[in-house]
Structures are given as structure tokens and as C-alpha cells.
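Now for the letters of each chain:
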2 protein chains.
Amino acid sequence: MKLLNETLKKITSLDEEAMSITRERIDNLIKPIGSMGKLEDIAVKLSGITGELHPKVDKKAIIVLAGDHGVCEEGIAKSDQIVTAMQTINFTKGLTGVCAVGKLVGADIISVNVGVKHEIDNKDVINKVIRRGTNNIKKGPAMSREEAIRSIEIGIEVAIEQIKKGKNILATGEMGIGNTTPTTAILSAIAGYTPEEITGIGANLPVERLQNKIDVIKTAIKVNKPNPSDAIDVLAKVGGFEIGAMAGVMIAGAAYKVPVVIDGYISTISAILACTLEPKVKEYLLPSHKSHEKGAKYATQYLGLNPMLDMDMRLGEGSGAALAFNIIESATYMNKEMITFAEAGIQP
Amino acid sequence: MKLLNETLKKITSLDEEAMSITRERIDNLIKPIGSMGKLEDIAVKLSGITGELHPKVDKKAIIVLAGDHGVCEEGIAKSDQIVTAMQTINFTKGLTGVCAVGKLVGADIISVNVGVKHEIDNKDVINKVIRRGTNNIKKGPAMSREEAIRSIEIGIEVAIEQIKKGKNILATGEMGIGNTTPTTAILSAIAGYTPEEITGIGANLPVERLQNKIDVIKTAIKVNKPNPSDAIDVLAKVGGFEIGAMAGVMIAGAAYKVPVVIDGYISTISAILACTLEPKVKEYLLPSHKSHEKGAKYATQYLGLNPMLDMDMRLGEGSGAALAFNIIESATYMNKEMITFAEAGIQP
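K.L.:
Which residues make up the relation of the copies chain B and chain A, and what are the values?
P.N.:
By a simple turn and slide, chain B fits onto chain A: the slide is 0.0 Å along the axis, the RMSD is 0.0 Å, and the turn is 180°. What we have between these two chains is a two-fold relation. By C-alpha distance to the rotation axis, the residue of chain B lying nearest is L309(B), at 2.4 Å. A share of 98% of interface residues in chain B that are also interface residues in chain A marks the association as one of identical surfaces.

In C-alpha cells form, the structure reads like this:
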């Protein structure tokens, strides 16, 4: 709890002066005012985060948190849990979706085992195992309150390590067979949507098994009675280790003034948890893509985000966030490479 | 007319066999089927265009066509026409919006003068001037039928030159103060939308002058009576030199099997002209972003495209297309770097 509390205390609002200097420059670049849309807003936000007119976002890391879920015994996922372990290793070998995009954009992929069921014996995977999978949320809490705090603190630890290594932009990703079930339970518990409204097929769950998934989520909420205003309670009762850890990455980014790119549905739910703990975290987050998973648009709306990519993607792993890295970096190029009307000798 | 006809004749449909081989590989990569959304469709399309399982799209050029418009004398644009000339030069110096993004993604910016009003004496601007600006479309045709054909052929010539230099992906961009007026006239003439529905403020035209712009477009269509099924007639009567030239770039891409990325509103109108001349051109086009300019969504719908970026941008120059280059390249990385379930030893 000490690390979490100390990190939360470090978080301040964005640097208003830096933002206003950057906005003024952007409004004077040789283009119609406002015509570069979200790129302009991103450039201003990056200045607010870093306090610099020309921040760099060229040292990129995607932190992929992996964990398993006891609720899988209810048949809410199509794949076997062994896939969580295999993919957690594959992230270190450059073989998965996020790795492919990450290679193009020059991002490091950091694979972290927060609580995978099957044994992972691989020196390239960061071992932060809390426990080998959560408990079945249909029957009781996923984890203890202490474990929930620990999951967030793991995210903080890993993020701080990357920042110390010189990374100036982070993204969150995850791997965990079955994790759209706890995610949807969290969204329902905090934002009040019914499971019927927001439950999707995740990683291609056959449609005839969707009603069972909805029923499991409803029962999980009924049995556990998570307190919507207490993010740690919600995480402990119906969450997952990797979901808490991603929230920790976001909290660390806000505390150490490093922008964090949110991936899709599950990352957005972690963002909701982080922002419930400390609303100012939101100012340090950059959304990436509109996930195709059913609950994503509700989560995005609840948090008040407006993603830049519309790719119909729903892979997770941080793959959508990886695609956004270069767009975000383009905003810094816009601000640095373009000249102003005055410099060009053009009447605006 | 010879170059245009010969180029149109070269255009064939996509390579179905290559697409089916790529689709099969993608369906077996270690991810839920379909979960990488548009990236999967892009990878399949690139195989259809090139006939290769692993095509490269790493040699990028943004061809920026510049021209002026006689209709500016009607007060339909905020900026002076000197800006067209100054920006046409600035493209060669790395100073504009498309240059900033292009630098990040490693794209060459090719600046082409198709018909700028003010003299441009700069060896880095490709000089293909047809005439120093079109005629005022409110009073009569923008150009002769021969000039319209010539504008398209200029686009073909410049694109072929870039392809000969080894470029394996092209994008279109434009510069022309006032060019949302002829663009909107073309869209209204071909697709049947009323000017009231689709006319926007372009480069920040003051709102109180919008009705005049709408009236000018209505009069231009009434006076010229463009034939909606004859793209060259529409281009000649209510178009512009750079609008025709962008259509030429797209036609050359289709003929020489090189993908062409469409930028925003004005590029999409050029795509409508190109596809009216030869519907198969569409198979070689990749949309980039949803332009914030009012008519863009109508043009995109008419052509049946689904852009990948939602950036609220409306700059033109090819800046949105430049942002899409790395996303398109990511699709090739996905297909090449990821392994299949069989290779990974995972049960899908």
C-alpha cells in the first residue's frame, strides 16, 4: 500500500503554461487553425505532461501484463489457459500481433507474468507472479484486497523501471484467456451498465455460449457486491491481476510525467480503475483505437476518451496502442518541423 | 488522350489467388480469427495488388499536386492565392504539415506545379504547368476537355516516374487555395447531393460567407451542366488541374499495381473521378482518414470506403495519407513477423 499511496501522491495536474505556449505556436503554424485536429491536441497534451515545448516520445515500451482467471472453469472463454503461458513467452520472441507492430514502430515489448496459471520458466519474461491465477469470481472474490494492491504496485514497479531505462512513452497491453469476463464485471460494477448491454464475444466465444458469460458476470456481481466507489474493492472482487497491473502502469506514468497509451477494451477498464483511484491520471493517458469488442465503446464513453484509430481490432496485447505510437510521435514532428506564418512570411 | 487510354487499358482486377493464400495464412496466425480487423484486410488487399504473399510498402512517396482556381474571385476562400505558390515551394523544404508527418514515416514529398497562378521558379518543384489557374466555374467551364485530359495524364506521368524510381506505395496530396469549391461541385454533379448538404468551410472560411460559397457552386453546376457519367466532362467544367492530376496518380497506381493511399476530402473526389473512368481503380486504393471537412463523409460513403484514422484533420496536402503509411506497413509486418498456430504448437 505504501508504494501505491506514495505514487498517487506524486500526481499533479498538467503544466498549463507549457500547454499554452505550445498551443500558441501550433495556432501560428502554416496551416488553417485547427486543421490538424487531434494531432494538435496531442502535441499540447504532451507539453502539459512533460512541461516542454518539444517533448520526445521516441523511446517506446509496451508493457504487456499476463495473468489467468479462475472464472475460466465456467466456460466463458474459447481457448485453453495454456495459451496465456505460451503467448507470454511468445511476446519475448517477437512472434505475436503486438510484436509485429512494435517492431515497425521501434517499441520494446516488456512481458510480465503477474499470475499465469501454467509455469513459465523463461528469463526474458519478468516474473512478478502474485498467484497462479485468480479465484472464480462467480463463487467469490477474485483475490484478496492485499493482492489487488500488490497487482497495481507491480505495474508501478515495472513502469518505473522502464522510465529509469529512458523510456519517454509507455503503452499497456495484456494477455489472459477469459479476461473480458472480469473486465465486463468491473465496467458493470463501476459504470452501472447491465451485463446484457456490454458483454461481447471476446476472443471469438461461440455466440451460443454468450448468455452463459452474461449470467456468470451477473452472478459474480451479485455474489461479491463490489463497492463502485472503491476501485481496489472492485478489482479484488471481480477483477484480475493483469487488470490491476495495467492500472499501476498508468498511475506511474502520471506520477513520473510520462504519457501512457491505452490499448483497447481491457486497458480502458484498467484506466477506469486508475482514474477512480485518482482522477488526474486521465490527463496523462492517450487513447489509441476503438476496439471492436462490444463493451469498448461504453468504457471509452464513460472515461470521456476519443480514440484516433478505427481499425475494427480486438486482439489486445497492446497491439492497438502500438499502432498509435507513430501518430503520437507525428504530433511532435508537426510542432517541431513546421514553421509559423511569420517565419514563412505568409499572411495567415 | 493516348497515355490516359493506354494506362486505363492496363488495369486488371486484383490477384484472387494471392489474396486467398494471404487470407489463409492470416486466419492461422496466433490470434483470434479476424481480431486484427482492418490490418488483415489491408494485408490481403496488398497481396491482391502485388501478387505477393509478403509485399513491401516501405518506399513511400506523397505526390502533392498544386493548382489555382479562377473561382477564387468569387470570395469562396479566406486566403490569398499567393499561399498556393508559397506552400508549393515549402513542400520541397520540409516545412509544411505533410512534410512533418512524411519525415517521421520516411516518405518522399514530391511537389508538382500543375497550374499555380503565381510564378514558381524553383528547381525542386516539378514544373507541369497547364495554365496559371483555371477559369471561374461560376461563369463557365474551368478548363477545356483537352486540358482536363492533360491534367490526368500529368498525374500518370509523375506517378510512373516515382514507380520507376522504386516507390512501392504512393499517396496523393494537394494544394490549391479555394479547391473545396470545385471539389464540392464535382461531388454534387456526380453523386447528386445538394450543395447545401455537402458544402463546408474548407480552410476556415468565415461562416457568414458560406452561403455565398453554396450559391457559387449551385450556379457553377447550372451554368456548366456537367454530365455525371462523363468524369472528364465533370472535371473540365467544374474541376481543377490538381484534382484531375490526383485522379491520374490513382489510375497509374492501378495500372502498375502499386497501392495508392487517398488523403482526405479532395483526394476522395479525385478517387471518385478515377473510379468513374474505370471502376477497378478502387481496388488499388487505400483510404486513410475521415476528414473533418463537411463533404468528406458523403464522398467516402459514395465511394464505399472505410478509413482507418479518425483525427478530425482537414489540412489536405496528403497529411492524413502520410499518417496511414505506417499503419499499412504494419499490416505487412503482421503477416510476416507473426507465426501460425501450427508453428507455435498451440491449439487454436
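K.L.:
Residue-level account of the side chain of E153(B), with values.
P.N.:
Residues and elements named next belong to chain B. Inspection of the secondary structure puts E153 in helix α6 (residues 145–164). Of the side chains bearing the opposite charge, R150 lies closest to the buried E153, which forms no salt bridge; the N-O distance is 4.5 Å. The residues contacting E153, other than those within four sequence positions of it, are M1, K2, L3 and L4.

K.L.:
Tell me about the nonpolar core, and name the residues and values.
P.N.:
Counting residues in hydrophobic clusters, the biggest one holds 253 residues, and the most contacted among them are L39(A), I328(A), L39(B) and I328(B). Non-local contacts of L39(B), meaning those with residues more than four positions away in its chain, are made with V101(A), M311(A), M313(A), L323(A), I327(B), S330(B), A331(B) and M334(B).

K.L.:
Provide a residue-level description of the sheet that holds strand β4 (residues 169–175) of chain B, including the pertinent values.
P.N.:
All names here are of chain B. Pairing is parallel in the open sheet, where six strands are placed in the order β3-β2-β1-β4-β5-β6. Of all strands in the sheet, those with a lone pairing partner are β3 (126–127) and β6 (285–287), marking the two edges. Sheet topology note: the strand β1 (residues 60–67)/β4 ladder contains seven bridges and is parallel. Within β4, the residue paired with I63 across the bridge is T172. Helix α11 (residues 241–255) rests against β1, β2 (107–115), β4, β5 (260–262) and β6 of the sheet, and its axis sits at about 175° to β4.

K.L.:
Tell me what's going on with empty space enclosed by the protein, and back it up with residues and numbers.
P.N.:
A probe as big as a water molecule, rolled over the atoms, marks out the empty space that is left. Counted by the stated rule, this structure contains four cavities of 30 Å³ or more. The calculated volume of the largest cavity comes to roughly 70 Å³. Contributing to the lining of the largest cavity are 14 residues, with D263(B), T268(B), H289(B), T300(B) and P307(B) lying nearest its centre. For the lining of the largest cavity, the per-class residue count stands at six nonpolar, six polar and two charged. The wall of the second largest cavity is formed by V105(A), L323(A), N326(A), I327(A), S330(A), V105(B), L323(B), N326(B), I327(B) and S330(B). When residues of the lining of the second largest cavity are traced back to their parent elements, those giving at least two are α14 (319–337) of chain A together with α14 (319–337) of chain B. For the lining of the second largest cavity, a count of residues per class yields six nonpolar, four polar and no charged.

K.L.:
An account of the packing of aromatic side chains is requested, with residue identities and associated values reported.
P.N.:
Residues and elements named next belong to chain A. Evaluated as defined, the whole model comprises two aromatic pairs over all chains. Taking 5.1 Å as the distance between ring centres and 65° as the angle between the ring planes, the aromatic pair formed by Y193 and Y298 counts as edge-to-face. Here Y193, found in the loop between α7 (180–191) and α8 (195–198), pairs with Y298, found in helix α13 (residues 296–303); they are 105 residues apart in sequence, far enough to count as distant. Take Y193 and Y298: they sit in the same class, and that class is buried.

K.L.:
For unusual backbone geometry, give the residues involved together with the corresponding values.
P.N.:
Residues other than glycine predominantly adopt negative phi, and peptide bonds predominantly adopt the trans conformation. Phi at K257(A) takes a positive value of approximately 60°, unusual for a residue other than glycine. Non-glycine residue E317(B) carries a positive phi angle of around 70°. Looking at the secondary structure, you find E317(B) in the loop between α13 (296–303) and α14.

K.L.:
I'd like a description of the sheet that holds strand β5 (residues 260–262) of chain A, backed by residues and values.
P.N.:
Residues and elements named next belong to chain A. With parallel pairing, six strands are arranged side by side in an open sheet as β3-β2-β1-β4-β5-β6. Both outer strands of the open sheet, β3 (126–127) and β6 (285–287), are each paired with one neighbouring strand and no more. With three bridges connecting them, β5 and β6 associate as parallel partners. The partner of V261 across the bridge, within β6, is L286.

Cut-off values and rules
- Residues numbered from 1 in each chain as written.
- Chains lettered and ligands numbered in written order.
- Predicted model: local features only at pLDDT ≥ 70, side-chain atom pairs only at ≥ 80, totals over all residues.
- Heavy atoms only, no water.
- Least-squares fit on C-alpha atoms with pLDDT ≥ 70 in both.
- Contact = heavy atoms within 4.5 Å.
- Helix = DSSP H or I, 4+ residues; strand = E, 2+ residues; numbered from the N terminus.
- Buried < 20%, exposed > 50% of the residue type's maximum accessible area, 1.4 Å probe, protein only.
- Lys, Arg positive; Asp, Glu negative; His and termini not counted.
- Salt bridge = Lys/Arg side-chain N within 4 Å of Asp/Glu carboxyl O.
- Core = buried A, V, L, I, M, F, W, Y, C linked by side-chain atoms within 4.5 Å.
- Pairing = 2+ DSSP bridges.
- Axes fitted to C-alpha atoms, helices over the stretch in contact; angles between N-to-C directions.
- 1 Å grid on protein atoms, 1.4 Å probe; cavity = no way out; pocket = protein on both sides within 12 Å on 5 of 7 lines; lining within 4 Å.
- Points joined across faces, edges and corners; volume = space filled by probe spheres on them.
- Nonpolar A, V, L, I, M, F, W, Y, C, P; charged D, E, K, R; others polar.
- Phe/Tyr/Trp six-rings, centres within 6.5 Å; stacked < 30°, edge-to-face > 60°.

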